[in-house]
Amino acid sequence: MPEQFMIGVDVGGTKVAAGLVNERGEILQHVRSHMITSADAITGLNCVTDAIRQLLREVPEGRKPGALGVCAPGPLDPRKGIIINPPNVPCWRNFPLADELRKIFGLPVKVENDAKAAGLAEVLWGAGKGHNNVFYATIGTGIGAAVIFNGKIYHGRTGAAAEAGHMGIQFDGPRCPCGKRGCVEFLASGPAIARRTRKKLQDNRESVLLNMAGGTPANITSELVARAAAEKDSVAVEVVSETVDLLAYWLGNVVDFLEPDVIILGGGVSGMFAAHLDEVRRKWKGAVLNPWPEQIPLVLARYGEESGIAGAAALCGTGSAEQR
């Protein structure tokens, strides 16, 4: 029997990435194109369909994908496949994306939040394989999360559950754009790391970070901070250490609240903490109520930049997109 495969589509504020994914989670082909969010809803839809059609040209003659999965920024309704009002994709407001794609391509379609979909891919094919209950966090421009129970995404009552990036860890901390104070996203995401670094540089102009940034603090990114920390720059090392503390405190709350089988970190910023995973787990000991935190693995995700493609395809797996 020929190998089955799915189409996974990752829609963001500036790009559409689409890929052919087999039943083992391997991305066989992928394309990337521009997403236009400043025009009307149909223009945005056309960006997605153009990418899918470009990908379908790579499908061998006589073969047909079994299903189509799409991940996108929220808020969205995963049960109805409706994009509600994502800030990064303003062209879609209460837009029935699943229905539109179903009509065009004649395939079963699933739509899901990008972080939740990426978490499901890790459970099916990646670092969470073999585990029943998984907490997945993606650290990048923001911090997203997924909770997977018995192989199924936990959505809550309306589909809005697991916004763990907006768990407050400082009740009197800085105000997040979401309106709350002390959200871990506003303290430990990529932009937050860069922002905290720029503030520290006001008192330490000798940091090599300024040279890396061409003498312009506004050019500092979390990637530059990671590079400078590897060179033992004092400011960068201090920022990374503080961020490890913040993540350890946040994930310690997750341990006490969910006690997952494994915690997985993904996203573009997660790599800078690869050498600190054991340190995070050591900080849990004596700092959480759970008496066995050292038994919970903390690992990096399998999928990197292609997590959205893999996640969208994972929605099409047998029984994997059932709601909870």
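Anything mentioned here points back to the structure above.
Residues numbered from 1 in each chain as written. Predicted model: local features only at pLDDT ≥ 70, side-chain atom pairs only at ≥ 80, totals over all residues. Heavy atoms only, no water.

## A word on the pairing of strand β4 (residues 68–72)
As a general feature of sheets, a regular strand has side chains that alternate between the two faces.
Stage number 1. Counting buried residues along β4, five of its five residues qualify, which places the element largely inside the surrounding structure.
Stage number 2. On β4, burial covers both faces: Leu 68, Val 70 and Ala 72 on one face and Gly 69 and Cys 71 on the other are all buried.
Stage number 3. Relative to β4, strand β1 (residues 5–11) runs parallel, the two sharing four bridges. Within the sheet, the bridge partner assigned to Ile 7 lies in β4 and is Leu 68.
Stage number 4. With five bridges joining them, β4 and strand β7 (residues 109–113) adopt parallel strand pairing. Across the sheet, the residue bridging to Gly 69 is Lys 110, located in β7. (Buried < 20%, exposed > 50% of the residue type's maximum accessible area, 1.4 Å probe, protein only. Helix = DSSP H or I, 4+ residues; strand = E, 2+ residues; numbered from the N terminus. Pairing = 2+ DSSP bridges.)

## A closer look at helix α1 (residues 41–56)
Stage number 1. Compared with the 22 Å implied by 1.5 Å per residue over 16 residues, the 23 Å span of α1 between its first and last C-alpha is a close match.
Stage number 2. Those residues of α1 that sit buried are Gly 44, Leu 45, Cys 47, Val 48, Thr 49, Ala 51, Ile 52 and Leu 55.
Stage number 3. The inward-facing, buried residues of α1 abut β1, β2 (15–22), β3 (27–34), β4 and α2 (97–105). (Expected span 1.5 Å × (residues − 1). Contact = heavy atoms within 4.5 Å.)

## So, the nonpolar core
Stage number 1. Ranked by internal contacts, the top residues of the largest apolar core, which has 46 residues, are Phe 135, Leu 209, Val 225, Trp 250, Leu 251, Ile 263 and Trp 284.
Stage number 2. Here the element with the most residues in this core is helix α8 (residues 234–258); it accounts for 12 residues.
Stage number 3. Excluding anything up to four places from it in sequence, Val 225 contacts Ile 193, Thr 197, Leu 209, Ile 220, Ala 236, Val 239, Val 240 and Met 272.
Stage number 4. In terms of nonpolar packing, the next biggest core, distinct from the first, is built from 32 residues, Val 11, Cys 47, Ile 83 and Cys 91 among them. (Core = buried A, V, L, I, M, F, W, Y, C linked by side-chain atoms within 4.5 Å.)

## Examining the environment of Gln 4
Stage number 1. Topologically, Gln 4 is positioned in the segment before β1.
Stage number 2. Separated by 243 residues in the primary sequence, Gln 4 and Leu 247 place their C-alpha atoms 39 Å from one another.
Stage number 3. Filtering out sequence-adjacent residues up to four positions away, Gln 4 remains in contact with Asn 22, Glu 23 and Arg 63.

## A word on unusual backbone geometry
Stage number 1. A cis geometry characterises the amide bond from Gly 74 onward to Pro 75, with omega recorded as 5°.
Stage number 2. For Pro 75, the location among the structural elements is in the loop between β4 and β5 (76–77).
Stage number 3. Phi at Ala 162 takes a positive value of approximately 70°, unusual for a residue other than glycine.

## As for the pattern of salt bridges
Pairs may arise between side chains of opposite charge once their charged atoms sit close together.
Stage number 1. Summed over the entire model, instances satisfying the criterion amount to nine salt bridges.
Stage number 2. Close ionic contact of Asp 245 with Lys 283 constitutes a salt bridge, the shortest N to O distance being 2.9 Å. Here Lys 283 lies in helix α9 (residues 277–284) and Asp 245 lies in helix α8, a separation of 38 residues in the sequence.
Stage number 3. With a relative accessible area of 37%, Asp 245 lands in the partly exposed category.
Stage number 4. Shared partners join several salt bridges into a network, and the residues in it are Arg 196, Lys 200, Glu 238 and Glu 242. (Salt bridge = Lys/Arg side-chain N within 4 Å of Asp/Glu carboxyl O.)

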